[in-house]
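Here is how the chains run, residue by residue.
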Amino acid sequence: MGAPMASRLVRAGHDVVVYSRTKAKAEPVLAAGARWAASAREAGRHRQLVISIVTDGPDVEQVLLGDDGAAADATPGTLFADMSTIAPEAARRIGAALMARGHRFIDAPVTGGDIGAQQGALSILVGGEAADVQTAQPAFEVLGRRITHAGPVGAGATLKACNQIMGAVNLLGVCEALALADRSGLDLAQTVQALSLGAAGSWALQNLGPKIVAGDFAPGFMIDLLQKDLRIVKGAAHACGLPVPGVELAQRFFSDNQAHGEGRLGTHAMWHAWERLPRGS
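This one's a predicted model, so the numbers in the text were calculated from it and none came from an experiment.

Engineer: Could you clarify how one ought to interpret helix H8 (residues 155–183) in this entry?
Structural biologist: Counting along an α-helix, one turn takes 3.6 residues, and residues three or four places apart therefore face a common direction. Over its 29 residues, H8 runs 42 Å from end to end, which matches the ideal 42 Å to within 8%, given 1.5 Å per residue. Immediately beyond the C-terminal end of H8, within one or two residues, lies glycine 185, with a positive phi of roughly 85°.

Structure (structure tokens):
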């Protein structure tokens with residue numbers, strides 16, 4: 001996600017300095033005209049806006065708040081925008097730590113996948129002060145088509161958790177419906193086409209349904225990462241006393257995928273778990 005997002009910022013004329021723990025992942029951005037920083041600390045120097053997008057809360061804390069993190073030499077008042085998918089409580093904790101150092105912080109996770117990142121069509125879900133969201137707006141408008149200011153720091157992460165519930169449970173429904181069609185002898189390609197524009201239509205059916213039919217399970221977003229996100233969802237739900245049975249059922253199928261070595265496949269590889277279900281009487 002980070003590489004196409006940064007490349008779009010370069011092409012839009014922004015002065016972009018990049019750091020990645022794996023430099024090879026930054027090569028497309030450097031080829032587009034970005035400058036390389038040897039560390040997160042270096043990347044954060046003399047920047048008005050520092051954007052991070054990594055795997056989980058501990059990674060964000062390391063690249064921003066660690067001894068060699070981006071905040072170490074940042075100018076007071078620097079705005080940090082974390083676009084990772086992390087727990088709301090982690091976002092609030094990181095934001096508080098940065099603000100204690102005299103910086104500003106917004107949590108701004110995204111949805112729309114790798115295709116959305118390439119096309120600048122992401123939905124950006126933001127928590128933080130309105131003035132800070134406005135400061136980030138020129139960059140966000142390059143990256144996304146819809147920017148939603150959901151509330152204070154942590155609200156963006158909470159909204160992303162809601163998104164991940166819908167994505168996982170919707171995919172569960174898509175796979176279950178296609179499994180019924182398959183075992184009933186229907187043509188799966190025709191099923192996807194027939195149902196995509198009706199009341200049951202969804203992004204998952206329109207975009208992932210054809211991939212299931214074609215046997216293409218290359219990841220736009222990996223099962224392992226969605227499982228991490230669903231653990232975040234359960235933590236947020238537990239904090240407010242909400243049971244999430246749909247999420248738990250989706251996790252069971254994704255756990256089956258992981259047990260069969262399919263964790264790095266795309267989330268629509270949940271289909272394989274449905275294929276393995278025994279036939280009832």
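Still more to cover.
Engineer: Explain helix H9 (residues 188–195) here, please?
Structural biologist: When H9 is considered as a whole, its buried residues turn out to be Leu188, Thr191 and Val192. In an axial view of H9, the angular spread of the buried residues amounts to 95°, which keeps them on one side of the axis. Residues of H9 that are exposed and point over 90 degrees away from its buried face: Gln190, Gln193 and Ala194. Packing partners of the buried residues in H9 comprise H8, helix H10 (203–214) and helix H13 (270–275). Two or three places before alanine 189, at the start of H9, stands the capping residue aspartate 187, its side-chain oxygen 3.2 Å from that residue's backbone nitrogen.

Engineer: Explanation requested: unusual backbone geometry in the structure shown.
Structural biologist: As a rule of thumb, non-glycine residues mostly have phi less than zero, and peptide bonds are mostly trans rather than cis. Even without a glycine there, the phi angle at histidine 46 is positive, about 60°. Mapping histidine 46 onto the fold places it in the loop between helix H3 (40–43) and strand E3 (49–52). A residue is classified by how much of its surface remains accessible, and histidine 46, at 66% relative accessible area, is exposed.

Engineer: Honestly, the pairing of strand E8 (residues 144–151) in this entry has me stumped. Any pointers?
Structural biologist: Moving residue by residue along a regular strand, the side chains alternate between the two faces of the sheet. Pairing of strand E7 (residues 122–127) with E8, which is carried by 6 bridges, proceeds in the parallel orientation. By the bridge assignment, isoleucine 124 is partnered in E8 with isoleucine 147. Viewed along the sheet, the connection from E7 through helix H7 (residues 130–143) into E8 turns out right-handed.

The rules behind each value
Residues numbered from 1 in each chain as written. Predicted model: local features only at pLDDT ≥ 70, side-chain atom pairs only at ≥ 80, totals over all residues. Heavy atoms only, no water. Helix = DSSP H or I, 4+ residues; strand = E, 2+ residues; numbered from the N terminus. Expected span 1.5 Å × (residues − 1). Buried < 20%, exposed > 50% of the residue type's maximum accessible area, 1.4 Å probe, protein only. Arc of directions from axis to C-beta. Contact = heavy atoms within 4.5 Å. Polar contact = N/O pair within 3.5 Å; in protein donor to acceptor, adjacent residues only side chain to side chain. Pairing = 2+ DSSP bridges. Right-handed = clockwise from strand over helix to strand, strands pointing away.

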